[in-house]
There are 2 protein chains.
Amino acid sequence: MARSVTILGAGLVGSLLSIILKKRGYEVTLYERRPDMRKASIAAGRSINLAMSARGWKALDLAGLRSDMEMLAIPMNGRYLHQADGSAAFQQYGKNNEAIYSVSRGELNKKLMTLAEQEGVNIHFEHRCTKVDVYSNTLHFELPDGTTKTEVADLLFGADGAFSALRNSYVTMERVDASQFYLEHGYKELNIPPNEDGSLRMEKNALHIWPRKNFMLIALPNTDGTFTCTLFLPFEGEVSFAALKTEEDVKKFFATHFPDAVPMMPTLIEDFFGNPTSALITTHIKPWHFKDKSALIGDAAHAIVPFYGQGMNAGFEDCTVLAGLLDAYGSDWNTILQHYDRMRKPNGDAVAQLALLNFVEMRDKVADPVFLERKKIEKELGKLFPEQFISVYEMVSFSHIPYDTALRCIQAQDQLLGRIMNEGDFFAKDMNNGFDSMLRNWVNDYHQSVQQLDFGNEG
Amino acid sequence: MARSVTILGAGLVGSLLSIILKKRGYEVTLYERRPDMRKASIAAGRSINLAMSARGWKALDLAGLRSDMEMLAIPMNGRYLHQADGSAAFQQYGKNNEAIYSVSRGELNKKLMTLAEQEGVNIHFEHRCTKVDVYSNTLHFELPDGTTKTEVADLLFGADGAFSALRNSYVTMERVDASQFYLEHGYKELNIPPNEDGSLRMEKNALHIWPRKNFMLIALPNTDGTFTCTLFLPFEGEVSFAALKTEEDVKKFFATHFPDAVPMMPTLIEDFFGNPTSALITTHIKPWHFKDKSALIGDAAHAIVPFYGQGMNAGFEDCTVLAGLLDAYGSDWNTILQHYDRMRKPNGDAVAQLALLNFVEMRDKVADPVFLERKKIEKELGKLFPEQFISVYEMVSFSHIPYDTALRCIQAQDQLLGRIMNEGDFFAKDMNNGFDSMLRNWVNDYHQSVQQLDFGNEG
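**Structural notes on the overall build of chain A**
Moving on, step 1. Helix and strand content of chain A: 13 helices and 19 strands.
Moving on, step 2. Taken over C-alpha atoms, the radius of gyration comes to 23 Å for chain A, in line with the 23 Å a tight globule of 459 residues would show.
Moving on, step 3. Overall size of chain A, expressed as C-alpha extent along the three principal axes, is 70 × 55 × 40 Å.
Moving on, step 4. Classification of the 459 residues of chain A by burial places 55% in the buried group.
Moving on, step 5. The long-range share in chain A, meaning contacts at least 24 apart out of those at least 6 apart in sequence, stands at 70%.

**Let's talk about the relation of the copies chain B and chain A**
Moving on, step 1. Mapping chain B onto chain A calls for a screw motion: a turn of 180° about the axis and a shift of 0.0 Å along it, with 0.0 Å RMSD after fitting. This pairing of chains is accounted for by a two-fold axis. Residue Ser179 of chain B of chain B places its C-alpha closer to the rotation axis than any other residue of that unit, at 2.0 Å.
Moving on, step 2. An overlap of 100% is found between the interface residues of chain B and their copies at the interface of chain A, pointing to a shared contact surface.

**Looking at the interface of chain B and chain A**
Moving on, step 1. The interface of chain B with chain A comprises 15 residues on the first partner and 15 residues on the second.
Moving on, step 2. At the boundary of chain B with chain A, total buried surface from both sides reaches about 1300 Å², with 42% on carbon and sulfur atoms.
Moving on, step 3. On the chain B side of the contact with chain A, Arg175, Gln180 and Tyr182 of chain B bury the most area, a combined 47% of that side's loss.
Moving on, step 4. The interface formed by chain B and chain A holds two salt bridges in total.

**Comments concerning the pairing of strand E16 (residues 227-234) of chain A**
Residues and elements named next belong to chain A.
Moving on, step 1. For E16, the tally of buried residues reaches eight of eight residues, placing the bulk of the element in the interior.
Moving on, step 2. Burial along E16 is two-sided: the residues Phe227, Cys229, Leu231 and Leu233 and Thr228, Thr230, Phe232 and Pro234 are all buried.
Moving on, step 3. As paired strands, strand E13 (residues 177-192) and E16 are joined by eight bridges and run antiparallel to one another. Among the inter-strand pairings, Tyr187 is bridged to a residue of E16, identified as Phe232.
Moving on, step 4. As judged from the six bridges shared by strand E15 (residues 216-221) and E16, these two strands associate in the antiparallel manner. Of the residues in E16, the one forming a bridge with Leu220 is Thr228.
Moving on, step 5. Linking E15 to E16, which pair antiparallel, is a turn of five residues; within it Gly225 sits at a positive phi near 90°.

**Side note on the packing of aromatic side chains**
Moving on, step 1. Under the definition given, this model contains 50 aromatic pairs over all chains.
Moving on, step 2. A centroid spacing of 6.0 Å and a plane angle of 70° characterise the contact between Phe157 of chain A and Trp333 of chain A, whose relative ring orientation is edge-to-face. Taken together, the residues Phe157 of chain A in strand E12 (residues 155-158) and Trp333 of chain A in helix H9 (residues 333-363) connect sequence positions 176 residues apart.
Moving on, step 3. Look at Phe157 of chain A and you get buried, because its relative accessible area is 0%.
Moving on, step 4. Under the relative-accessibility criterion, Trp333 of chain A is labelled buried at 2%.
Moving on, step 5. Over the aromatic face of Phe235 of chain B sits the side chain of Arg175 of chain A, whose NZ or CZ is 3.7 Å from the ring centroid.

**Here's the deal with the side chain of Arg3 of chain A**
Residue and element names in this part refer to chain A.
Moving on, step 1. Along the polypeptide, Arg3 turns up in the segment before strand E1 (4-8).
Moving on, step 2. Given the relative accessible area of 17%, Arg3 is considered buried.
Moving on, step 3. One polar contact links Arg3 to Asp154, side chain to side chain, over a distance of 3.1 Å.
Moving on, step 4. Within the local environment of Arg3, its side chain forms a polar contact with the backbone oxygen of Asp292, the two atoms lying 2.8 Å apart.
Moving on, step 5. Beyond its immediate stretch of four places on either side in the chain, Arg3 contacts Tyr26, Glu27, Asp154, Leu155, Asp292, Lys293 and Trp333.

**So, the pairing of strand E6 (residues 88-92) of chain A**
All names here are of chain A.
Moving on, step 1. By the bridge criterion, five bridges tie strand E5 (residues 78-82) to E6 in an arrangement that is antiparallel. Counted as the bridge partner of Leu81 is Ala89 from E6.
Moving on, step 2. Adjacent in sequence and paired antiparallel, E5 and E6 are bridged by five residues, among which Gly86 carries a positive phi angle near 90°.

**Remarks on unusual backbone geometry**
Note: most peptide bonds trans; most residues except glycine with negative phi.
Moving on, step 1. A cis geometry characterises the amide bond from Lys286 of chain A onward to Pro287 of chain A, with omega recorded as 0°.
Moving on, step 2. When you line up the elements, Pro287 of chain A lands in the loop between strand E17 (278-286) and strand E18 (289-290).
Moving on, step 3. Non-glycine residue Lys213 of chain A carries a positive phi angle of around 65°.
Moving on, step 4. Topologically, Lys213 of chain A is positioned in the loop between strand E14 (207-211) and E15.
Moving on, step 5. With a relative accessible area of 53%, Lys213 of chain A lands in the exposed category.
Moving on, step 6. Non-glycine residue Lys291 of chain B carries a positive phi angle of around 45°.
Moving on, step 7. Among the secondary structure elements, Lys291 of chain B is positioned in the loop between strand E18 (289-290) and strand E19 (294-296).
Moving on, step 8. For Lys291 of chain B, a relative accessible area of 52% corresponds to the exposed category.

**Quick notes on the state of the cysteines**
Residue and element names in this part refer to chain B.
Moving on, step 1. For the structure on display, the rule yields zero disulfides over all chains.
Moving on, step 2. Here Cys129 is not cross-linked by a disulfide; its sulfur's nearest cysteine counterpart is in Cys319, at 19 Å.
Moving on, step 3. Owing to a relative accessible area of 14%, Cys129 belongs among the buried residues under this scheme.

**Considering the environment of Leu354 of chain B**
Residue and element names in this part refer to chain B.
Moving on, step 1. Summarising the element assignment, Leu354 is placed in helix H9 (residues 333-363).
Moving on, step 2. Owing to a relative accessible area of 2%, Leu354 belongs among the buried residues under this scheme.
Moving on, step 3. Separated by 49 residues in the primary sequence, Leu354 and Val305 place their C-alpha atoms 9.4 Å from one another.
Moving on, step 4. Ignoring any residue separated from it by four or fewer positions in sequence, one finds Leu354 in contact with Tyr308, Val392, Val396, Tyr403, Ala406, Leu407 and Ile410.

**Looking at helix H12 (residues 403-421) of chain B**
All names here are of chain B.
Moving on, step 1. The end-to-end C-alpha separation of H12 is 26 Å, in line with the 27 Å expected for 19 residues at 1.5 Å each.
Moving on, step 2. Approximately 35° is the largest bend angle found in H12, and it occurs at Ile410.
Moving on, step 3. Taken as a whole, H12 has its buried residues at Tyr403, Asp404, Thr405, Ala406, Cys409, Ala412, Gln413, Leu416, Leu417 and Ile420.
Moving on, step 4. Looking at the buried positions of H12, the neighbouring elements they touch are helix H2 (54-63), helix H8 (311-329), H9, helix H10 (369-384), helix H11 (392-398) and helix H13 (431-450).

**Quick notes on the sheet that holds E12 of chain A**
Sheets are built from strands paired through backbone hydrogen bonds, the pairs being either parallel or antiparallel.
All names here are of chain A.
Moving on, step 1. An order of E8-E2-E1-E12-E19-E18 is seen for the six strands of this open sheet, with the pairing classed as mixed. Whereas interior strands pair on both sides, the edge strands pair on one side only; in this sheet they are strand E8 (122-124) and E18.
Moving on, step 2. Bridge count between strand E2 (residues 27-31) and E8: three bridges; the pairing is parallel. Residue Tyr31 lies in a different strand from E8, and its bridge partner there is His124.
Moving on, step 3. Along the sheet, helix H1 (residues 12-23) makes contact with E1, E2 and E12, crossing E2 at roughly 170°.

**What to know about the packing of H2 of chain B against H8 of chain B**
All names here are of chain B.
Moving on, step 1. Their axes nearest at 8 Å, the elements H2 and H8 cross at an angle of 45°. Between H2 and H8, the angle is such that the two are oblique. Between H2 and H8 lies a crossing of left-handed hand. Contacts between H2 and H8 involve Arg55, Gly56, Lys58, Ala59, Leu60 and Leu62 from the first element and Met312, Asn313, Phe316, Glu317, Thr320 and Ala323 from the second.
Moving on, step 2. Split into classes, the residues belonging to the contact of H2 with H8 amount to six nonpolar, three polar and three charged.

**Let's talk about the environment of Ala40 of chain A**
Residue and element names in this part refer to chain A.
Moving on, step 1. Locating Ala40 in the fold gives a position in the loop between E2 and strand E3 (49-52).
Moving on, step 2. The exposure class of Ala40 is partly exposed, given its relative accessible area of 28%.
Moving on, step 3. Ala40 sits 200 residues away from Ser240 along the chain, and the two C-alpha atoms are 34 Å apart.

**Re the domain arrangement of chain A**
Where interface size is quoted, it is often the accessible area lost as the parts come together.
All names here are of chain A.
Moving on, step 1. What the domain assignment reports for chain A is domain 1 (5-76 + 104-180 + 280-360), domain 2 (183-279) and domain 3 (368-450).
Moving on, step 2. Listed by partner, the interface residues are 16 residues for domain 1 and 18 residues for domain 2.
Moving on, step 3. For the pair domain 1 and domain 2, the summed buried area comes to about 1500 Å², and 70% of that belongs to carbon and sulfur atoms.
Moving on, step 4. Between the two partners, domain 1 and domain 2, sit four residue pairs in polar contact (both at pLDDT 80 or more).
Moving on, step 5. Of all elements in the fold, only E3, strand E4 (74-76), E17 and H9 reach the threshold of two or more residues within the side of domain 1 that touches domain 2.
Moving on, step 6. The biggest single contributor to the side of domain 1 that touches domain 2 is E4, with three residues.
Moving on, step 7. Partitioned by chemical class, the residues of the side of domain 1 that touches domain 2 number 13 nonpolar, two polar and one charged.

Calculation rules
- Residues numbered from 1 in each chain as written.
- Chains lettered and ligands numbered in written order.
- Predicted model: local features only at pLDDT ≥ 70, side-chain atom pairs only at ≥ 80, totals over all residues.
- Heavy atoms only, no water.
- Helix = DSSP H or I, 4+ residues; strand = E, 2+ residues; numbered from the N terminus.
- Rg over C-alpha atoms; globule rule 2.2 N^0.38 Å.
- Buried < 20%, exposed > 50% of the residue type's maximum accessible area, 1.4 Å probe, protein only.
- Contact = heavy atoms within 4.5 Å.
- Least-squares fit on C-alpha atoms with pLDDT ≥ 70 in both.
- Buried area = accessible area lost by both parts, 1.4 Å probe.
- Salt bridge = Lys/Arg side-chain N within 4 Å of Asp/Glu carboxyl O.
- Pairing = 2+ DSSP bridges.
- Phe/Tyr/Trp six-rings, centres within 6.5 Å; stacked < 30°, edge-to-face > 60°.
- Lys NZ or Arg CZ within 6 Å of the ring centre and 35° of its normal.
- Polar contact = N/O pair within 3.5 Å; in protein donor to acceptor, adjacent residues only side chain to side chain.
- Disulfide = S-S within 2.5 Å.
- Expected span 1.5 Å × (residues − 1).
- Bend = angle between axes of the 7 residues up to and from the residue.
- Axes fitted to C-alpha atoms, helices over the stretch in contact; angles between N-to-C directions.
- Parallel < 35°, antiparallel > 145°, perpendicular 65-115°, else oblique.
- Left-handed = near helix turned anticlockwise from the far one by under 90°.
- Nonpolar A, V, L, I, M, F, W, Y, C, P; charged D, E, K, R; others polar.
- Domains from an automatic or database assignment.

Spelled out as structure tokens, the structure:
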């Protein structure tokens, strides 16, 4: 008899996981802290939109939701850079014009919940889990009327986000390693409405960035013609949220640093003072599972910063990997959870690191012409040496190569690109004049230095 | 009017802190989770004895307890090494025969509690703090009869150890960074009784070590003629606590690795199976304080592993520094707690790192004759160049130089000693043959590379 499964959290990962397990014959019950977002008008969590890339789509295939979501997804084929000097630049993400996709977090979550219920998953809303007794799998809930109740889970998943109740209970157990740390930067969401005729005010198929070294503004397109903007800025210091106290402060700050954005933001002041300033947490924990009884998944296992657009994608890949283990090991949950932990933990750590590194890339490096040149050369290398070279960005966003492998390739790619760029203008080279064989040697050196890594089925 | 102070934890640091504050005119109330150890026969916490060194003595001076404790303290002037080949070696700690002191944790704690009460501190035992509301300084307690009570603190200190209730409450606040991690090794206390005539079975004035690379046994002398032994061993693996299941397993393990210790341990089997196997945690947190309302101190702020014998010494130094800030800033607790945090946090991080590094030194490096030779050269350098060179070990144990400075000197000392030892047998050198000037240059190089660090008043 299949075990019954309890999942904490009906967010993106919890809802998807419930569908995957229900389709395999498990009884699945979901407990969600918030009211049903399909009925109440509430925020769908941390951000309005997210960037879906290859790992996310693959998991949606498992749920049969790809085509539904493709209709609502806006491809972003590159970064549209609004430089400080007023110039603009477009930096393509992939060598084959691949895109990441702007998707409404709320719409995706609602669809996943509805599909889960259609499959027969039972979702209990407004159940706040306050504590888990990990040894007995006893869940303690608080209801909106202040009453409490307890349930005993058979097999339990914590898909309940960065401040997961299951994670918090793991942390109190002996020999559980854990960390949480916050960036000095916070973020605030702002808005760019459409033109009066409903058309978009900026290039639709791009992720817009205003890189300003230690801070930045970004904007992602929505299907209703708006852009969701996010300002990332230190909480404290000379240029900081703390320093923006009055309307005048805010107006002056935006006029100074984002003059081209100001005319597109008629509700800037209302948005700025009406919307919260939120913090950016990164968490680690070890282990991710307890015996054959429970496991953490998604942000509950690895809350990361949003700068690689991989939070949801990483959580969805947790689900894909788990589905593969179910195929391989049937109902042997002891083995399944052990393998899940062993396979996913290094990748959770790696994507956390990649996301932190990409913050520096987005807010600072993309303002540098030398860096943009490097990105172009990377794409060219990928075309010239498709068997040997794929850029780290492409590994992360357009492949299923383990995050840990992508992270481990950074240093070797830095070395390779350093060698190439030391030789002067790459695109002006005469490839028949010895440079081609030198380049081939360098790429071979690179390839040899990384080929022992696990590239999955895509190496 | 002076603020009233509430302290969580009547362990070593909490009790000492209460005395320091009471002597300065504050009303002080202590809450302790355990029963009164002066009445009940209970374990005094994590270990039976501890190693008191310079920082600990300095703080005891503040409480006026130095002479009382000196009578109960056994100087250990060096490490007595019981090597795997059956040979023994004595490695002096300091160049002037300085000692660290084996002190009974329980006796010291009892004396501090009694002195606190004599000064007028109110100690409430068997009050387990379950939660702190950090904003309102409301403390929630659970009493032995199952009832609960709440108290509101004016100024609050969490001296309640690695699993501090105040720390746990800080961790749930936004933008608080925190980590906990455990060693793969656990520890178990064992016992060496005196000879039948009451005399000690081994050298009294030494810290005994049986270094065995990935594990070790140590023994510290007690005033009753016994030695407290501690076995540090991985929890799992081929050679581990998990592998020692039967009496035969334990006997064979000790006979193989510690044959000289076995005849001195008549109760080995009872001790081994009767005493718990405990874990070794290291914690970090940031910040250490909240406004002018509360602060963490001792293990609550920086739980560290015991391998440098600095846990209590670091906590006592927190008290000394705080006392200095009270002298400097009077009742301006906003400034006092800000400075306390800024001054102590880097040193808490550093002593945690030093303690982890010293584990490798104790269990592995001291088995290596080259390392013992290095230690001798370090002492000689300290004599030849007293203004320029003091070994990291001496900084930590025999000085008040900030831990952070000691940690930052490691690399430069490694380089200096590497240079010297590359030249062959140091003690066979003819100092009048050019070697002396080369040595002087190298020491000057070292001194220049570290002289910008903060050596406090002892630089």
